[in-house]
Amino acid sequence: METNSQWIDITTEDGTFGAYLSLPRGGKGPGIVLLQEIFGVNQHIRNVADQYAADGYVVIAPDLFWRDGARIELTYDEAGWKRAVELMNSLDFDKAQTDIAATVKALRAHEGTAGQKIASIGYCMGGLLSYRTAADGLVDTAVAYYGGGIQNGLDRADDIKVPVLMHFGSADSHIPNEAVKAIAERFEGVESVEIHVYQGAEHGFNCNHRDSYNQRAAAEAHGHTLVFLSEQL
């Protein structure tokens, strides 16, 4: 993949945090704010950023755990899971949304996205944050991969005025099928909201660093996402 990536700084009233920026060949394209799993902006998230940059997007992944430590990067072993859950539980989601808003602002100001639209794409915890980012009206479209907790935020459904795409696995041990059903029922008849459920796919099926990686589901979801983005951005 021919991309150009680097860490940049984003300044807010609370302080300065890092964000991983990956540019496509030529340096210009629609923008994507990539929202992390509970494991930080780790190698997997950076790989995903580079993948979307190779697909022609200007991608920026903010370090949402920066208040607990800069560039925390976890693996998917037992110790990594334990620390990741601690970080998620300590995260102030309202402050995270403020950080995401600052990231969107920085991305819209980037010369590579001039005149272009912006999407958010989130995984796991980031999927919920992507949903909330759409509800906050920060982006032009949003994608959520296995966003745990969306079912608890359906009171924000009417706030969503932009197209949204959601991906879930039918065998997700973290998100009950009842939760996916509740989400689907809430958005039934809303043409701008698209939901895909991948049979036999576990939580984290897109991550090839995890035992739950499902190559077929990951490929199908990425294909659906690229088509969706090409239509919306």
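Quick look at the structure, then. (Residues numbered from 1 in each chain as written. Predicted model: local features only at pLDDT ≥ 70, side-chain atom pairs only at ≥ 80, totals over all residues. Heavy atoms only, no water.)

Re the layout of surface pockets
Put simply, the rule is: A 1.4 Å probe that fits but cannot get out identifies a cavity on a 1 Å grid over protein atoms alone, an open set with protein on both sides within 12 Å along at least five of seven lines counts as a pocket, and a residue lines either if it has an atom within 4 Å of a point. Grid points are joined across faces, edges and corners, and a volume is the space filled by probe spheres set on the points. Secondary structure elements are defined from DSSP: runs of H or I of at least 4 residues count as helices, runs of E of at least 2 residues count as strands, and each element is numbered from the N terminus.
Each pocket or cavity is described by its volume, and for the largest pocket that value is around 230 Å³. Lining the largest pocket we find 13 residues, and of these Ile38, Met88, Cys124, Gly148 and His203 sit closest to its centre. Sorting the residues of the lining of the largest pocket by element identifies helix 2 (78-90) and helix 4 (125-135) as the ones contributing at least two each. If one sorts the elements of the lining of the largest pocket by residue count, helix 2 sits on top with three residues. Top element by residues in the lining of the second largest pocket is helix 1 (residues 43-54). It accounts for four residues.

Here we look at the sheet that holds strand 8 (residues 193-198)
Using the following cut-off: Strand pairing requires that DSSP identify at least two bridges connecting the strands. Axis lines are fitted to C-alpha atoms, over the contacting stretch for helices. Their N-to-C directions set the angle, which ranges from 0 to 180 degrees. In this description, contact between two residues means that some pair of their heavy atoms is separated by no more than 4.5 Å.
What the eight strands build is an open sheet, ordered 1-2-4-3-5-6-7-8; its pairing is mixed. What marks the edges here is a single partner per strand, and that holds for strand 1 (4-12) and strand 8. The sheet shows a mean angle of 20 degrees between the axes of neighbouring strands, taken without regard to direction. The strands that helix 3 (residues 93-109) touches are strand 1, strand 2 (15-23), strand 3 (31-35), strand 4 (58-62) and strand 5 (118-123); relative to strand 3, the one it contacts most, it runs at about 155 degrees. Docked against the sheet, helix 6 (residues 215-232) engages strand 3, strand 5, strand 6 (141-145), strand 7 (164-169) and strand 8, running at close to 170 degrees with respect to strand 6.

So, helix 2
Residues spaced three or four apart along an α-helix point in a common direction, a consequence of the helix completing one turn every 3.6 residues. The line we're drawing: Every helix has an expected span of 1.5 Å times one less than the residues it contains. Accessibility here uses a 1.4 Å probe with only protein chains present; expressed as a share of the type maximum, an area under 20% marks a residue as buried, one over 50% as exposed, and anything in between as partly exposed. In this context, the arc is that of the directions from the helix axis out to the C-beta atoms.
Compared with an ideal rise of 1.5 Å per residue, which puts 13 residues at 18 Å, helix 2 spans 19 Å between its outermost C-alpha atoms and is within 8% of the ideal. All buried positions along helix 2 are accounted for by Gly80, Ala84 and Leu87. The arc that holds every buried residue of helix 2, seen down its axis, measures 65 degrees, which confines them to one face. Exposed and facing more than 90 degrees away from the buried side of helix 2 are Glu78, Ala79, Lys82 and Asn89.

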